[in-house]
Amino acid sequence: QVQLVESGGGLVQPGGSLRLSCKASGFTFSNYHMSWYRQAPGKEREYVARITSIRATNYADSVKGRFAISRDNAKNTVYLQMNSLKPEDTAVYYCSTYISPQRSWGQGIQVTVSS
């Protein structure tokens with residue numbers, strides 16, 4: 001079955017950086033698009049970034065120019081490099097992929113941006 005395990009979260013000061021990782025298993029990783037979402041307290045889960053199987057990338061306007069998504073197919077891992085972090089980036093971040101007929105999610109990892 002599909003398994004997605006996030007790591008790399010934590011507490012960082014405003015302006016700082018973090019890199020999230022998501023290790024995937026249970027499917028042919030290189031064939032599928034991978035995405036990151038986030039959910040802040042009291043808010044809906046929102047899209048952050050996507051990388052396709054051919055490494056095309058797309059970002060939400062709120063993170064464009066600050067975040068970078070990448071993938072290492074040899075390691076079955078997708079990354080989210082987060083720079084110039086702001087307090088409003090505080091959220092639980094989820095790795096996700098859609099394999100018909102459903103979307104799968106990791107367990108989520110907390111990112112807190114605070115001084």
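Residues numbered from 1 in each chain as written. Predicted model: local features only at pLDDT ≥ 70, side-chain atom pairs only at ≥ 80, totals over all residues. Heavy atoms only, no water.

Participant: Please clarify how unusual backbone geometry should be interpreted in this entry.
Facilitator: With glycine set apart, most residues show a phi of negative sign, and most peptide bonds adopt trans. Of note, the bond from Ser100 into Pro101 is cis; its omega dihedral lies within 30 degrees of zero at 15°. Within the secondary structure layout, Pro101 lies in the loop between β9 (91-99) and β10 (102-105). Here Asn76, not a glycine, exhibits a phi torsion of approximately 50°, which is positive. One can find Asn76 in the loop between β7 (67-72) and β8 (77-82). A positive phi is found at Ser84, a non-glycine position, where the angle reads about 50°. Tracing the backbone through its elements, the reader meets Ser84 in the loop between β8 and β9. (Helix = DSSP H or I, 4+ residues; strand = E, 2+ residues; numbered from the N terminus.)

Participant: Could you clarify how one ought to interpret the pairing of strand β4 (residues 34-39) in this entry?
Facilitator: Each regular strand shows side chains that alternate between the opposite faces of the sheet. Here β4 lies mainly inside the structure; five of its six residues are buried. Examined bridge by bridge, β4 and strand β5 (residues 46-51) share five bridges and lie antiparallel to one another. Across the sheet, the residue bridging to Tyr37 is Tyr47, located in β5. Connecting β4 to the next strand, β5, in antiparallel fashion are six residues, including Gly42 with a positive phi near 75°. Here five bridges tie β4 to β9, and the two strands are oriented antiparallel to one another. From the neighbouring strand, Gln39 faces β9, where its bridge partner is Val92. (Buried < 20%, exposed > 50% of the residue type's maximum accessible area, 1.4 Å probe, protein only. Pairing = 2+ DSSP bridges.)

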